[in-house]
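Chain residues, written in single-letter form:
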Amino acid sequence: MLRHAARRLVSTRYAAAAAGGRSRALSTAAVPAEPSDDSAFVEAWKKVAPNIEPPTTPMSIMQPRPPTPAAIPSKLTVNFVLPYKSEIANKEVDMVIIPATTGQMGVLPGHVSTIAELKPGVLSVHEGNDTTKYFVSSGFAFVHANSIADIVAVEAVPLDHIDPALVQQGLAEFNAKLGSASTDLEKAEAQIGVDVHSALNAALTG
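Residues numbered from 1 in each chain as written. Predicted model: local features only at pLDDT ≥ 70, side-chain atom pairs only at ≥ 80, totals over all residues. Heavy atoms only, no water.

- Per an unreviewed UniProt entry, the recorded name for the protein chain is ATP synthase subunit delta', mitochondrial, and the organism is Leersia perrieri.
- Taken from UniProt, the Subunit (unreviewed entry) comment for the protein chain reads in full: "F-type ATPases have 2 components, CF(1) - the catalytic core - and CF(0) - the membrane proton channel. CF(1) has five subunits: alpha(3), beta(3), gamma(1), delta(1), epsilon(1). CF(0) has three main subunits: a, b and c."
- As recorded by UniProt, the Subcellular location (unreviewed entry) comment attached to the protein chain reads in full: "Mitochondrion inner membrane". (UniProt positions renumbered as here; feature names shortened; annotations may be inferred.)

Observations concerning the pairing of strand β7 (residues 130–136)
Put simply, side chains in a regular strand alternate between the two faces of the sheet.
Alright, step 1. In this sheet, β7 lies alongside strand β6 (residues 121–127) in antiparallel orientation, the contact comprising seven bridges. When the sheet's bridge partners are listed, V125 is paired in β7 with T132.
Alright, step 2. Joining the antiparallel neighbours β6 and β7 is a turn of two residues, in which G128 adopts a positive phi near 65°.
Alright, step 3. Alignment of β7 against strand β10 (residues 156–158), held across three bridges, turns out to be antiparallel. Bridge pairing in β10 places Y134 opposite P158. (Pairing = 2+ DSSP bridges. Helix = DSSP H or I, 4+ residues; strand = E, 2+ residues; numbered from the N terminus.)

A short note on the packing of helix α4 (residues 164–180) against helix α5 (residues 184–205)
Alright, step 1. Viewed as axis vectors pointing N to C, α4 and α5 meet at an angle of 150°, and their least axial separation amounts to 8 Å. Taken together, the axes of α4 and α5 are roughly antiparallel relative to one another. Read as a crossing pair, α4 and α5 show a hand that is left-handed. Each of P164, V167, Q168, G170, L171, F174, N175, K177 and L178 in α4 lies in contact with α5, whose residues at this interface are K187, E189, A190, Q191, G193, V194, H197, S198, L200, N201 and L204.
Alright, step 2. Grouping the constituent residues of the contact of α4 with α5 by class yields nine nonpolar, eight polar and three charged. (Axes fitted to C-alpha atoms, helices over the stretch in contact; angles between N-to-C directions. Parallel < 35°, antiparallel > 145°, perpendicular 65-115°, else oblique. Left-handed = near helix turned anticlockwise from the far one by under 90°. Contact = heavy atoms within 4.5 Å. Nonpolar A, V, L, I, M, F, W, Y, C, P; charged D, E, K, R; others polar.)

Encoded structure:
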C-alpha cells in the first residue's frame, strides 16, 4: 500500500511540473530567489475562511534568500547563532568544519543543500590562515545551495576559553555518578555528562 501511494505521489508531482512547464534546476543552473510571503497558504486560507484575514506566518517576516548563482562563489557565508546571541553574522569564510552526528563534515562554497544534526564537538571556522574553534554542545547546521550556512547551537564557547582542569574534574565526577546511578534517569543524566566532558577533553587534547 505504501509503495503504491508513493508511486502515485511521484507521478502526480511530475505531472504537475510538466503541466506548468517547469523542471527541477540542475545544481549548475542559476535558481531565482524564493518569495518571502507564503502565497500558497494565503490562497488556501481564503478558500476555507474568506471572511477572516489570514494569520501571519514565519515566512512573512523572513527575508528571502538570495538567488543561487550559476557559478560557485569563492567564499562561504556563515551565520552562527545561539539562543541568547549571534556569534557570527553574514561572515564570508573559506570553510567550516561541523561536528555532525555522522562525523566531521567540511563545508566549502558550493556545498549541496544539507541539514546536519550537531553532536558535542569542535566547530572550526577557517578564514585564510586563521582558524577559530568553538566547542558546541548540540544543534543543527543548515547548508543552503547558495553557499550560505546557518549554524544553530544550544550552547557554544570558544575553545581557548575552556579550563582543562575543570574538564578533567567534571569528567571524573560524572564517571563516579554513572557508576553509582541506581535509576534510569540518573544513568541517563550521568551518561550525558560523561559524553560532553569526554568530547571536551578530546577537543582540548586532540
